[in-house]
Amino acid sequence: RTAKNGTYQSIVSALDESGTGAQMGFFAHSTDTIQFYSSNGNLHITSNTIKSNTWHHICATRNSSNVLKIYIDGIEGYSGTITDSFNTGANGLNVGRDLSSSNGTFAGSVADVRLVKGTVVYTANFTPTTVPLTAITNTSLLLRGTNAGIIDKSQTAQAITLNGNAKSSTTQTKYLSSSMYFDGAGDYIEVVDDLGEFSNYSNATLEMWVYPTSSSG
């Protein structure tokens, strides 16, 4: 779902600062078209259009014959043969922006980002699913947003991993609508980042609310 915010809005992108190389990305253009980038400035533009403040399903596939197809709401809007190599690059995949200063950030909402490597999921016009996407065979990435209840509000941690069955729960809460729940059997949250050293005589505070369900061990 998009609102206009500049000529090119980066929806999902693997472009780096140079905007060149074997990279890829989806962009919403101010002409209400969706454009797919496939390396070194090659843009593939859909003939069908999108509307602001409306959910649209967008999809790009490429088969072993190098045929690229772009679908908007299940309707083919582009088909062409391309031999470009494209990948997520050293900077990984960005949702809502790219690292090139020439493109704008995305204004809108994104749901169910799925990357499948090794399978062409759609080969002709289709009816987009009305239920959340699942991790089908060869799924390399699936961002559903269901684990977003546990996030770093300071936005400083590089990565937060929920291990075991650690999750956001509404069973016991303090001031907000949910809390972090651990069942005591392998659940933990790992923050992959250097949060700084608490050396001798330096000021520091670590605090939390805790609701134990067992005091044993």
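Residues numbered from 1 in each chain as written. Predicted model: local features only at pLDDT ≥ 70, side-chain atom pairs only at ≥ 80, totals over all residues. Heavy atoms only, no water.

Turning our eyes to something else, we now look at the overall build of the protein. For the protein, the count of helices and strands is zero helices and 15 strands. Taken across its 217 residues, the protein has 27% of its residues classed as buried. At a minimum sequence separation of 6, the contacts of the protein that also span at least 24 residues come to 49%. Total accessible area on the protein is roughly 14100 Å²; 49% of this is exposed by carbon and sulfur atoms. (Helix = DSSP H or I, 4+ residues; strand = E, 2+ residues; numbered from the N terminus. Buried < 20%, exposed > 50% of the residue type's maximum accessible area, 1.4 Å probe, protein only. Contact = heavy atoms within 4.5 Å. Areas by Shrake-Rupley, 256 points an atom, 1.4 Å probe, with all protein chains shown as cover.)

Under the definition given, this model contains four aromatic pairs. With a centroid separation of 5.2 Å and an interplanar angle of 70 degrees, the aromatic rings of phenylalanine 26 and phenylalanine 36 are classed as edge-to-face. With phenylalanine 26 in strand E2 (residues 25-29) and phenylalanine 36 in strand E3 (residues 33-37), this pair connects stretches of sequence that are ten residues apart. Consider the rings of tyrosine 71 and phenylalanine 126, whose centres lie 5.3 Å apart with planes at 65 degrees: the pair is edge-to-face. (Phe/Tyr/Trp six-rings, centres within 6.5 Å; stacked < 30°, edge-to-face > 60°.)

Turning to the pattern of salt bridges, a few remarks are in order. Inspection of every chain in the model, using the stated rule, returns one salt bridge. Lysine 69 is paired through a salt bridge with glutamate 76; the nearest N and O atoms lie 3.0 Å apart. For lysine 69, a relative accessible area of 18% translates into the label buried. Residue classification places glutamate 76 among the partly exposed positions, given a relative accessible area of 34%. (Salt bridge = Lys/Arg side-chain N within 4 Å of Asp/Glu carboxyl O.)

So, on to the nonpolar core. Inside soluble globular proteins, nonpolar side chains tend to come together where they are buried. The biggest cluster of nonpolar side chains holds 16 residues, and the ones touching the most others in it are Ile11, Phe26, Ile34 and Phe36. Listed by contribution, the elements that provide at least two residues to this core are strand E1 (8-13), E2, E3 and strand E6 (67-72). Aside from chain neighbours lying at most four places away, what touches phenylalanine 26 is Gln9, Ser10, Ile11, Val12, Ile34, Gln35, Phe36, Ile58, Cys59, Ala60 and Ile70. (Core = buried A, V, L, I, M, F, W, Y, C linked by side-chain atoms within 4.5 Å.)

In spatial order, the strands read E5-E6-E7; together these three strands make up an open sheet with antiparallel pairing. Strands at the two margins of the open sheet, each flanked by one partner only, are strand E5 (58-62) and strand E7 (75-81). Each strand axis lies, on average, 15 degrees off the axis of its neighbour in the sheet, ignoring direction. (Pairing = 2+ DSSP bridges. Axes fitted to C-alpha atoms, helices over the stretch in contact; angles between N-to-C directions.)

Attention now moves to the side chain of histidine 44. Here histidine 44 is to be found in strand E4 (residues 43-49). Here the side chain of histidine 44 touches serine 38 through a polar contact of 2.6 Å, side chain to side chain. Residue contacts for histidine 44: discarding those within four places in its chain leaves Ile34, Gln35, Phe36, Ser38, Leu68, Ile70, Tyr78, Ile82 and Asp84. (Polar contact = N/O pair within 3.5 Å; in protein donor to acceptor, adjacent residues only side chain to side chain.)

Turning to a nonpolar patch on the surface, a few remarks are in order. On the surface, Val95, Val110 and Leu143 cluster together into a nonpolar patch covering about 210 Å² of accessible area. In this fold, leucine 143 is placed in strand E11 (residues 139-143). On the basis of relative accessibility, which here comes to 38%, the residue leucine 143 falls in the partly exposed class. (Patch = residues over 30% accessible without salt bridge, like charges linked within 9 Å, V, L, I, M, F, W, Y side chains within 5 Å.)

Further remarks concern the pairing of E7. In the sheet, E6 pairs with E7 via six bridges, with the strands oriented antiparallel. Residue pairing in the sheet places tyrosine 71 in a bridge with glutamate 76 of E7. In this antiparallel pair of consecutive strands, E6 and E7, the connection spans two residues, and aspartate 73 shows a positive phi of 55 degrees.

With respect to the helices and strands, the residue asparagine 94 is situated in strand E8 (residues 94-95). Judged by its relative accessible area of 11%, asparagine 94 is buried.

Its identity is not glycine, yet asparagine 66 carries a phi of approximately 65 degrees, on the positive side. Assignment of secondary structure puts asparagine 66 in the loop between E5 and E6. Positive phi values are uncommon outside glycine, yet aspartate 112 reaches one of about 55 degrees. As for its position among the elements, aspartate 112 is in the loop between strand E9 (104-105) and strand E10 (113-116).

This paragraph deals with the confidence of the model for the protein. Looking at the protein as a whole, the pLDDT averages 80, with 77% of positions reaching at least 70. Per-element mean pLDDT across the protein ranges from 74 in E9 up to 95 in E7. (pLDDT = per-residue confidence, 0-100.)

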